[in-house]
Amino acid sequence: MLKEINVAYCFDKNLWRQMGVSVASLLSMSGGDFKYNIFAVVSADVDDAMKGQLRDIVKYCNPNAEIKFYTVNDDFYNPKLNHAQGYYYRLQIPNLIRDIDRIVYVDIDTVFNSDLFELYSMDMGDKLVFGVKDGLNLNHAWKKYQTKTDKKYIVQQGDYINSGVLLMNLKLMREEGVYKSLVSLVGERLRYKDQDMLNYVCCGRVGYLPLKYNFTPKAGHKYTRMVREGIFTKSEVMDAVAHSVIMHFVNCNPWNKITKCCNRWWYFSEFTPFYKQFRREFFARAGIVQKVKFLIMPRWRRKYE
């Protein structure tokens with residue numbers, strides 16, 4: 001019998017193709033022993049044609065996998081806030097997806113290098129959520145952060161997690177009313193919006209994942225500082241470099257800029273019908289240096305058909 005793994009993505013019409021690349025990498029790098037249930041939390045502007053293409057990618061990459069779509073509500077809408085509502089989509093997961101007990105949430109700007117069984121099978125105990133410690137815990141970053149967030153919502157430095165990859169205990173979240181607590185913070189003075197909400201509401205009930213589950217390839221200087229300040233060990237960083245499970249391209253979107261390890265993203269883009277469109281868009285806005293970097297990347301063979 002296949003082992004089931006539940007994975008969630010959140011996106012709107014501007015990023016649905018990028019989600020297709022991430023899920024193609026997830027399913028292509030996972031063995032046939034697993035059945036992935038993909039839960040897509042989307043805005044109302046993600047139409048049936050988009051959903052249809054994503055279903056095709058899922059079946060192409062892994063016939064055992066399935067994808068379901070859930071449309072977000074306006075619980076986190078505040079007309080006084082001028083930032084994108086997409087920041088809050090992941091916070092709706094415990095409320096919208098009610099028939100499962102746990103799920104792995106991942107941002108769309110990710111690619112996978114292996115399956116998620118080890119991560120998904122972790123003992124969560126009484127923890128509400130697991131995540132990787134964020135670079136915000138660094139002394140210089142923390143000082144700036146404190147000036148832009150209401151101090152009553154600031155957790156202990158060193159405990160703050162990044163919300164780009166999460167293992168969520170949905171059963172406990174529902175039982176303890178976490179969703180209602182998250183909604184109550186809309187409009188508060190928070191620097192990092194949904195990430196701050198999640199850290200504050202789950203404070204004291206957060207578990208920590210190894211860095212390999214949320215590794216940013218271009219952030220070597222940051223990781224050196226984090227080792228120096230005791231946030232990660234040197235061996236944990238070295239393990240993430242050598243054996244990253246999830247690469248997270250934070251602030252270096254591969255479809256916009258060629259940076260370290262982004263050839264992995266472009267490789268998996270060829271598992272989708274979007275590769276040529278991504279390529280045209282990239283060359284339309286790229287400068288000469290970026291175009292050269294793209295052209296000297298290794299060529300790939302597999303095509304979406």
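Above this note sits the structure.
Computed from a predicted structure; not experimentally measured.

Asks: What's the story with the overall build of the protein in this structure? I'm lost.
Replies: A tally of helices and strands in the protein yields 13 helices and nine strands. The C-alpha radius of gyration computed for the protein amounts to 19 Å, which stays within 12% of the reference 19 Å derived for 305 residues, consistent with globular compactness. Taken along its principal axes, the extent of the C-alpha atoms in the protein is 50 × 45 × 45 Å. Out of the 305 residues in the protein, the part that is buried amounts to 53%. Within the protein, contacts between residues separated by at least 24 positions form 80% of all contacts whose residues are at least 6 apart in sequence. Carbon and sulfur atoms make up 49% of the accessible area of the protein, which amounts to about 14200 Å² in all. Positive and negative side-chain charges in the protein, numbering 45 and 32 respectively, have mean positions lying 8 Å apart.

Asks: Got a minute to help me understand a nonpolar patch on the surface in this structure?
Replies: Taken together, the side chains of I288, V289, V292, L295 and I296 present a nonpolar region at the surface, about 520 Å² in accessible area. Position of I296 among the secondary structure elements: in the segment after helix 13 (288-295). Residue classification places I296 among the exposed residues on the basis of a relative accessible area of 66%.

Asks: Mind showing me how you'd approach the state of the cysteines here?
Replies: Every disulfide links exactly two cysteines, by a covalent bond between their sulfur atoms. Across all of its chains, the model carries zero disulfides by this definition. Left unpaired, C202 is separated from the closest cysteine sulfur, that of C203, by 9.2 Å. A relative accessible area of 0% means that C202 is categorised as buried. Of all cysteine sulfurs in the structure, the one in C262 sits closest to C261, which takes part in no disulfide; the separation is 8.3 Å. Look at C261 and you get partly exposed, because its relative accessible area is 25%.

Asks: Where do I start with the environment of M29 in this structure?
Replies: Tracing the chain through its elements places M29 in the loop between helix 1 (16-28) and strand 2 (34-42). Along the backbone, M29 and N113 are 84 residues apart, and their C-alpha atoms lie at a distance of 6.0 Å. The residues touching M29, leaving out its near neighbours within four places in the chain, are F112, N113, S114, D115, R264 and F268.

Asks: Would you take a moment to explain the packing of helix 1 against helix 12 (residues 275-285) for this structure?
Replies: Think of two packed helices as two axes; the pair is described by the angle between the axes and how far apart they sit. Look at helix 1 against helix 12: their axes get within 11 Å of each other, and the N-to-C directions meet at 120 degrees. Here helix 12 runs oblique to helix 1, going by the angle between their axes. As for the relative orientation of helix 1 and helix 12, their crossing is left-handed in sense. Listed contacts from helix 12 to R17, Q18 and V21 of helix 1 are Q277, F278 and E281. Looking at the contact of helix 1 with helix 12, its residues break down into two nonpolar, two polar and two charged.

Each value, and the rule that gives it
Residues numbered from 1 in each chain as written. Predicted model: local features only at pLDDT ≥ 70, side-chain atom pairs only at ≥ 80, totals over all residues. Heavy atoms only, no water. Helix = DSSP H or I, 4+ residues; strand = E, 2+ residues; numbered from the N terminus. Rg over C-alpha atoms; globule rule 2.2 N^0.38 Å. Buried < 20%, exposed > 50% of the residue type's maximum accessible area, 1.4 Å probe, protein only. Contact = heavy atoms within 4.5 Å. Areas by Shrake-Rupley, 256 points an atom, 1.4 Å probe, with all protein chains shown as cover. Lys, Arg positive; Asp, Glu negative; His and termini not counted. Charge placed at Lys NZ, Arg CZ, Asp CG, Glu CD. Patch = residues over 30% accessible without salt bridge, like charges linked within 9 Å, V, L, I, M, F, W, Y side chains within 5 Å. Salt bridge = Lys/Arg side-chain N within 4 Å of Asp/Glu carboxyl O. Disulfide = S-S within 2.5 Å. Axes fitted to C-alpha atoms, helices over the stretch in contact; angles between N-to-C directions. Parallel < 35°, antiparallel > 145°, perpendicular 65-115°, else oblique. Left-handed = near helix turned anticlockwise from the far one by under 90°. Nonpolar A, V, L, I, M, F, W, Y, C, P; charged D, E, K, R; others polar.

From the geometry alone we can't say anything about function, so treat these as descriptive.
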